Amino acid sequence: MTAEPTTEGYRPLAARKRTLHMVGNAHLDPVWLWPWQEGYQEARATFWSAIHRMEEYPDFVFTCDQVVLLSWVEEQDPALFEEIRKRVAEGRWVMTGGWWVEPDCNMPGGESFVRQGLYGQRYLHERFGVIATVGMNVDPFGHNVMLPAILRGQRMDSYTFLRPGPHESDLDGTAFWWEAPDGSRVLAYRIPFEYCSPPGDVAHQTEKSLGQLDRSLGDLMIFYGVGNHGGGPTKANIESIHRHDQRGSYGRLIMSSPRRYFDELMARRGPDGMEELPVWRDDLQHHASGCYSAHSGIKQWVRRAQAALLSAERWAAVGSVTHDLAYPRDELGHAWKQLLFNQFHDVLPGSAIEPGYDDARDQLGEAVAIAKRIITRVQNVIARDVEVRFEDGTQPVLVFNPHPWPVTTDVELQYGVQPSGVHVVDAEGRLTPSQPTQSVATTNDKGRGAVVFRAELPPLGYRLYRLRPGLVPLEPAAWSSDAPGGLSASETVLENDVLRAEFDPATGWLSSLLDKRTGVDVVAGAAGEHTQVSEDPTDTWGHGVVSYAWPGEAMRTTRMVLRESGPERARLRVERSWGRSTLVEEFILRQGADELEVRATVDWREQAHLLKLRFPVALTDPEATYEIPFGTIARPVDGAEEPGQSWVDLTGGMEGSAGAAGARAGLAVVNNAKHGYDVSPADGSVSPSIGITAVRSPVYSWHDPRLLDPDGFYSFQDQGVQRFSYLLVPHAGDWRSAELSRRAAVLGSAPRAMLESFHEGRLPAADSFVADGSGQVMVTAVKGWEDGDASAPELIVRAVETTGAPASARIELPVLGRVLEADFGPSQLRTFRVPRDASRPVVEVDLLEWDVDGEPSVPSDDDVDAG
C-alpha cells in the first residue's frame, strides 16, 4: 500500500492562497423515505463507518449532529459508543447542532425549540463532557427569526444551514450576522450547494460550492459525505481531498469542522472585520412552502402533544410543592423526546412516507397519554384536599385552568344520574350561566346528559362548581350579579352585548361582524368568498410554489341551522359541499365574548386539490402580522404562502363605517391546528383577506421532478374527516390589544373539568398557584428543574415579552409564597430558577437551566439574585 499523502505535504506555489475547510458529515434522516426502524440501524452503520475512517486517516475529522442518533447507538451498541467517546476526547469527533433532531424550524412551538437544546445539550454534556457551540440545521426548509435568541440561550454562538438557497431568498453572501428581534446574534453560514456529496471524488462538490460562495470571505467551508440515508465520508472522498490539496487544485484543503472554521474566521478578520459582515434581521425563507400544510394530521398531533406536555409540567411542578409528589422528570423527558423526534424536518412537514405517520401517531399518542396521566393524578390529589361540603342531590365539579392568567371560558361537561337535567352554581350557590348541550352518548339512559357553563378561573388554579338538578332558571336576575345579558340568536344573526355577527343566507358567510364597543365593523362591505377550492398539481413539498392563493371555486352552502340558543351561548351550523367533500362550520358566540369561535369539520375526498379558508376584510392599507415561535413578524400583504404559529392578524384603516372612518382596526384569525397562511391584497372587486390552507391532498412523498404515472396507483394525503377550531377576533388599534397568543394558548389547551365527591379538606373552593399578571410578559413554562432532587425540585419559570416593547413583569408564585419581579427588553426571553426556600434568591438561568454565564454544573448556594 502506498503512503498516504497529507494536507501538510507539497503544494504548488501557484495554488490559490485560500483554505477550504472540508467538513465531513453524514446527514441521516431518521425517518423519510424509510421508517424510523431503518434509521435506527443506519445510525449504527454510519457511525461505525466514521470510526473506521478515523482509524485509516489520522487527519480525518467527523462532524456529528442530531443527538437522537447517539442515543440510539448508546442503547444498541455499547462498544461503538465507547469508540465515539474516545474520538470526542481526541477532538476528531466534533459535536454540533446540540438538538435532539434537526427539526422543522418554523412550525414547532417556542418551548419545543427550547427542549431540543435542553435534552440535546445536556445529553452531550452528561455522556461526553462537551456541548455544541455551533447550531446546525442543514436540511430544514426555513428558519424563524427567533432562533438566534434560542441558540444563544443554549450556549451556541453560530449557525450553519443550507436553505433558502440563493435562488429562493434576497439574502446575499455566505457568512453574516443573524439577529433576533431581541437583539441576540449568531454568526451564520449558508452552506453552499449541498450538505452531502456523492461517494467518489469531491471535485464536483467543491466546484459547485465555490460557484456559490462569497469569495470576499477568503477561507471557506465546504460540506461533504454521503447523506440523507447516512453513510458519511468515504475513502474515495477523503483521498480525493488529499489529492486536490497536494495538487493545489482549489487552494489548501484541510479536514475541519464548523467550530474550527468560525474560530479562524473571527481570528483572521478581527473585531473590526467581523463588524463589517452584513446583518440579517428576518426569517430565512422560503423553501418547500407546501410543507406548511401537507398532512394535516401530523400538524394537529404535534400541537396537541405540545400543549399536553406543557400542562403536565405545570401541574407536576405544582403537585411537587403542594403535596410533595415526586416530579416525574424521567416520564416527562421520555414524552418530550417522542414529541421532539416527530418534529423532525421530514415528519412534521408532511414529506415522509405514509407508514411513517402510523409511527408518528403512536409515538405522539404515547406522549399525550403520559401527560394525561400526570395531569389526572395531580389534579385528583389536589381535588381530594379541597373542602367540598355535602349538598343533597348535587354533583361537585372542579375546573382546572392550566394557564398562568385568569381564563373565562365555556366548559362542556358530560354527567349522569340526572334525568331532569341540571343547572350550575358556584361554590357560594350563585347561578352560573349554563344550558344543556348534546351529549356524546346516544343511549336510552335518561340520566346521561351534557351541560355547557361559564367558568371563571383563577390563574394556574382551580374553582369549584356544582351541578344541581333541574334546568337553569331563565330569569337573568337569578344569575350572579356580574353576569352580562343580551344574548340573542337566529339563523342569520348571533348577538351579545359586545359583538353582532350577521350571516348571508346565500353564502353562509359573515356579512357583518360589528364590535359594539367601538362601532367598528371590519367585515361589512368586504367582498370575496370564504371558501376556495383549487386544483393543486404540486408535489408534496410544494417545490417552486410562491403562493397557494390561486383562483378557485367556492363550496356551495347547503344548509344553515341554529343548533343552540340559550342564556350562555348560541351555535349556528353552516354546511357546505364541493365535489365529494363537505365542510361544516359551527359558529359559537358565548355570553360576553369578544370573539367568535368556529368549529370546523372537513370530510375531504378530493385528490390533488386544496381548500383555502379565506377571511375578507374591509380595510385600507392593511398590514399583516404573524405569530412565530416566541414572537411575531410583519410580512408583506402579497399573497405569499407563509409559515406561522397559531394566529395571523390584518390591521388597517376603516372607510365608510358609521363612527369609524379613519380609525385603525383589524381582524385576527387564531387556530389550533394549521400553519400555512397567506395575507392577500385587494384585487379588483375582491377585498384584502387572510387565508388559511386548511387541506392539501398531494401524493405522499412525491418529489418533483418525478412524474406521476397517469395509470399508477397512489395514496393521497388528508383523505377523510378532520376537525379543528379557530377564533375570529375583531379589534380596535393593532393586534397588541387583542391578547392573541393567550387566546391561542387557551384554544389549544382548554381547562379541564372533573366530577368530584363530597369531603372535608384544607384547600379553599378556588385557588391560584402561578400568575403572570396578564400583561406584555407571558409565562410560557413552569416546570421542575432538571437538576437537584426530583422529590423536591426547585421550579423553573420562563417568560417572554410579547409586544416588542420594554416591560416590567411581576410574576406571582403563591405556590411558593414568592414574587418574581424582572425587567424585559423587547421580545426578550428570560428563565428563572426559583428555590423553595424563600431565604434563597431567585437565579436567572439559560435555556439549558444552567446559571447564566456559569459553568454547566449544579449552582451553589451563593447564587446572584436575578432581580
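Note that the structure is predicted; figures quoted are calculated from it, not measured.

A.B. asks: When you look at the overall build of the protein chain in this model, what are you seeing that I'm missing?
C.D. replies: For the protein chain, the count of helices and strands is 12 helices and 44 strands. Taking 29 Å as the expected radius of gyration for a compact globule of 867 residues, we find that the protein chain reaches 29 Å, a close match to that expectation. Reported as C-alpha extents along the three principal axes, the dimensions of the protein chain are approximately 95 × 65 × 55 Å. Taking the 83 positively charged and 123 negatively charged side chains of the protein chain as two groups, their mean positions are separated by 2 Å.

A.B. asks: Sorry if this is basic, but what is going on with the side chain of Thr19 here?
C.D. replies: Residue placement: Thr19 occurs in strand β1 (residues 19-24). Under the relative-accessibility criterion, Thr19 is labelled buried at 10%. With sequence-adjacent residues up to four places away left out, Thr19 is seen in contact with Asp219, Leu220, Arg252 and Ile254.

A.B. asks: Explain the sheet that holds strand β18 (residues 488-489) to me, please; I cannot follow it from the model alone.
C.D. replies: Paired through backbone hydrogen bonds, the strands of a sheet run either parallel or antiparallel to each other. Here we have 5 strands laid out as an open sheet, ordered β18-β19-β20-β21-β22, and antiparallel in their pairing. One side of each edge strand has no neighbouring strand; the edge strands of this open sheet are β18 and β22 (520-521). As defined by bridge partners, strand β21 (residues 510-515) adjoins β22 across 2 bridges and the pair is classed as antiparallel. Bridge assignment links Asp515 to a residue of β22, and that residue is Val520.

A.B. asks: Can you walk me through the nonpolar core in this structure?
C.D. replies: Burial of nonpolar side chains together is a common tendency in soluble globular proteins. Counting residues in each nonpolar core, the largest one holds 214 residues, and the members touching the most others are Ile84 and Trp93. If we skip the residues at most four places from it in the chain, Trp93 touches Phe47, Ala50, Ile51, Met54, Phe62, Cys64, Leu70, Ile84, Arg87 and Val88. Formed by 13 residues, the second largest nonpolar core is a distinct cluster that contains Leu413, Val451, Phe453 and Leu467.

A.B. asks: Would you mind showing me how to read helix α2 (residues 67-76) here?
C.D. replies: Residues lying three or four places apart along an α-helix face the same way, a consequence of the helix completing one turn every 3.6 residues. With 7 of its 10 residues buried, α2 lies for the most part within the structure. All of the buried residues along α2 are Val67, Val68, Leu69, Leu70, Ser71, Trp72 and Val73. Of the surrounding elements, those touching the buried residues of α2 are α1 (36-56), β2 (62-64), α3 (78-90), β3 (93-95), α4 (110-128) and α10 (329-341).

A.B. asks: Explanation requested: the packing of α10 against helix α11 (residues 354-384) in the structure shown.
C.D. replies: Pairs of packed helices are described in terms of their axes, by the angle between the two and the distance that separates them. Two elements in contact, α10 and α11, have axes whose closest approach is 8 Å; the angle formed by their N-to-C orientations is 150°. For the element pair α10 / α11, the angle class is roughly antiparallel. In this structure, the crossing between α10 and α11 has a hand that is left-handed. Residue-level contacts link Glu331, Leu332, His334, Ala335, Gln338, Leu339 and Phe341 of α10 to Gln363, Leu364, Glu366, Ala367, Ile370 and Ile374 of α11.

A.B. asks: Sorry, what's going on with the sheet that holds strand β8 (residues 220-224) here?
C.D. replies: Across the sheet, 3 strands lie side by side as β8-β1-β9; this open sheet has parallel pairing. Every interior strand has two partners, whereas the edge strands, β8 and β9 (252-256), have only one. In this sheet, neighbouring strand axes are inclined to one another by 30° on average, regardless of whether the strands run parallel or antiparallel. Alignment of β1 against β8, held across 5 bridges, turns out to be parallel. Across the sheet, Gly24 pairs through a bridge with Tyr224, a residue of β8. Set on the sheet, helix α7 (residues 235-247) makes contact with β1, β8 and β9; between it and β9 the angle comes to about 145°. Set on the sheet, helix α8 (residues 258-275) makes contact with β1, β8 and β9; between it and β8 the angle comes to about 170°.

A.B. asks: Help me understand the packing of aromatic side chains, please; the structure alone is not making it clear to me.
C.D. replies: How two aromatic rings sit relative to each other is given by the distance of their centres and the angle of their planes. Under the definition given, this model contains 33 aromatic pairs. Note on Tyr626 and Tyr677: the rings are 6.3 Å apart at their centroids and 75° apart in plane angle, and the pair reads as edge-to-face. Residue Tyr626 is located in strand β29 (residues 620-628), and its partner Tyr677 is located in strand β34 (residues 676-680); the two are separated by 51 residues in the primary sequence. Side by side, Tyr626 and Tyr677 carry an identical accessibility label, which is buried. Each residue in the set Phe503, Trp509, Phe587, Phe615 and Tyr726 is aromatic and connected to the rest through ring pairs, giving one cluster.

A.B. asks: Could you clarify how one ought to interpret the packing of α4 against α10 in this entry?
C.D. replies: Where α4 contacts α10, the two axes come as close as 10 Å, and the packing angle between them is 115°. Both α4 and α10 take part in a crossing whose hand is left-handed. The segment α4 lies against α10, with Ser112, Arg115, Gln116 and Tyr119 engaging Leu332, Gly333, Trp336, Lys337, Leu339 and Leu340. Split by residue class, the contact of α4 with α10 holds 5 nonpolar, 3 polar and 2 charged.

A.B. asks: Please explain unusual backbone geometry as it appears in this structure.
C.D. replies: Both trends apply: most residues other than glycine have a negative phi, and most peptide bonds are in trans. A cis amide bond, omega 10°, links Arg163 with the succeeding residue Pro164. Inspection of the secondary structure puts Pro164 in the loop between β5 (158-161) and β6 (175-179). In the segment running from Gln285 into His286, the intervening peptide bond is cis, with an omega of 5°. Positionally, His286 belongs in the loop between β10 (279-280) and α9 (296-322).

A.B. asks: What should I look at first to understand the pattern of salt bridges in this one?
C.D. replies: A pair can form between side chains of opposite charge whenever their charged atoms are brought close. Using the criterion set out here, one finds 66 salt bridges in the structure. Two residues, Arg430 and Asp426, come together in a salt bridge whose shortest N-O distance is 3.0 Å. Look at Arg430 and you get partly exposed, because its relative accessible area is 41%. According to the relative accessible area criterion, Asp426 is buried, its value standing at 7%. Overlapping salt bridges bring together Glu412, Arg559, Arg563, Glu564, Arg569, Arg571, Arg573, Glu575, Glu586, Glu597 and Arg599 as one network.

A.B. asks: For this particular structure, what's the right way to read the environment of Ile382?
C.D. replies: Tracing the chain through its elements places Ile382 in helix α11. Looking at Ile382, the relative accessible area reads 0%, which means it is buried. Between the C-alpha atoms of Ile382 and Gly761, which are 379 residues apart in sequence, the distance is 9.7 Å. Beyond its immediate chain neighbours, meaning those up to four positions away, Ile382 contacts Trp315, Val318, Thr322, His323, Phe400, Tyr462, Leu763 and Phe769.

A.B. asks: Is there a simple way to explain the state of the cysteines in this structure?
C.D. replies: Note: disulfide means a covalent bond formed between the sulfur atoms of two cysteine side chains. Going through the model one piece at a time under the given rule, you end up with 0 disulfides. The thiol of Cys196 is not disulfide-bonded; the next cysteine sulfur, from Cys64, is found 16 Å away. Given a relative accessible area of 13%, Cys196 falls into the buried group. Cys291 carries a free sulfur, and the closest cysteine sulfur to it, the one in Cys105, is 13 Å from it. For Cys291, a relative accessible area of 1% corresponds to the buried category.

A.B. asks: I keep staring at the environment of Tyr224 and nothing clicks. Help me out?
C.D. replies: With respect to the helices and strands, the residue Tyr224 is situated in strand β8. When its relative accessible area of 0% is taken as the criterion, Tyr224 is described as buried. Placed 127 residues apart in sequence, Tyr224 and Ser351 show a C-alpha to C-alpha distance of 24 Å.

A.B. asks: Any chance you could explain the pairing of strand β16 (residues 449-457) here in plain terms?
C.D. replies: For a regular strand, side chains alternate in direction, first toward one face of the sheet and then toward the other. Of all 9 residues in β16, 8 are buried, a share of seventy percent or more. Here strand β12 (residues 407-415) runs beside β16; their pairing, made up of 9 bridges, is antiparallel. Counterpart to Val407 in the pairing with β16 is Leu457. Relative to β16, strand β15 (residues 434-437) runs antiparallel, the two being bridged by 4 bridges. By the bridge assignment for β16, Gln435 is matched with Val452.

Reading the values: the criteria
Residues numbered from 1 in each chain as written. Predicted model: local features only at pLDDT ≥ 70, side-chain atom pairs only at ≥ 80, totals over all residues. Heavy atoms only, no water. Helix = DSSP H or I, 4+ residues; strand = E, 2+ residues; numbered from the N terminus. Rg over C-alpha atoms; globule rule 2.2 N^0.38 Å. Lys, Arg positive; Asp, Glu negative; His and termini not counted. Charge placed at Lys NZ, Arg CZ, Asp CG, Glu CD. Buried < 20%, exposed > 50% of the residue type's maximum accessible area, 1.4 Å probe, protein only. Contact = heavy atoms within 4.5 Å. Pairing = 2+ DSSP bridges. Core = buried A, V, L, I, M, F, W, Y, C linked by side-chain atoms within 4.5 Å. Axes fitted to C-alpha atoms, helices over the stretch in contact; angles between N-to-C directions. Parallel < 35°, antiparallel > 145°, perpendicular 65-115°, else oblique. Left-handed = near helix turned anticlockwise from the far one by under 90°. Phe/Tyr/Trp six-rings, centres within 6.5 Å; stacked < 30°, edge-to-face > 60°. Nonpolar A, V, L, I, M, F, W, Y, C, P; charged D, E, K, R; others polar. Salt bridge = Lys/Arg side-chain N within 4 Å of Asp/Glu carboxyl O. Disulfide = S-S within 2.5 Å.

Interpretation note: all reported values are geometric properties and have no functional meaning in isolation.
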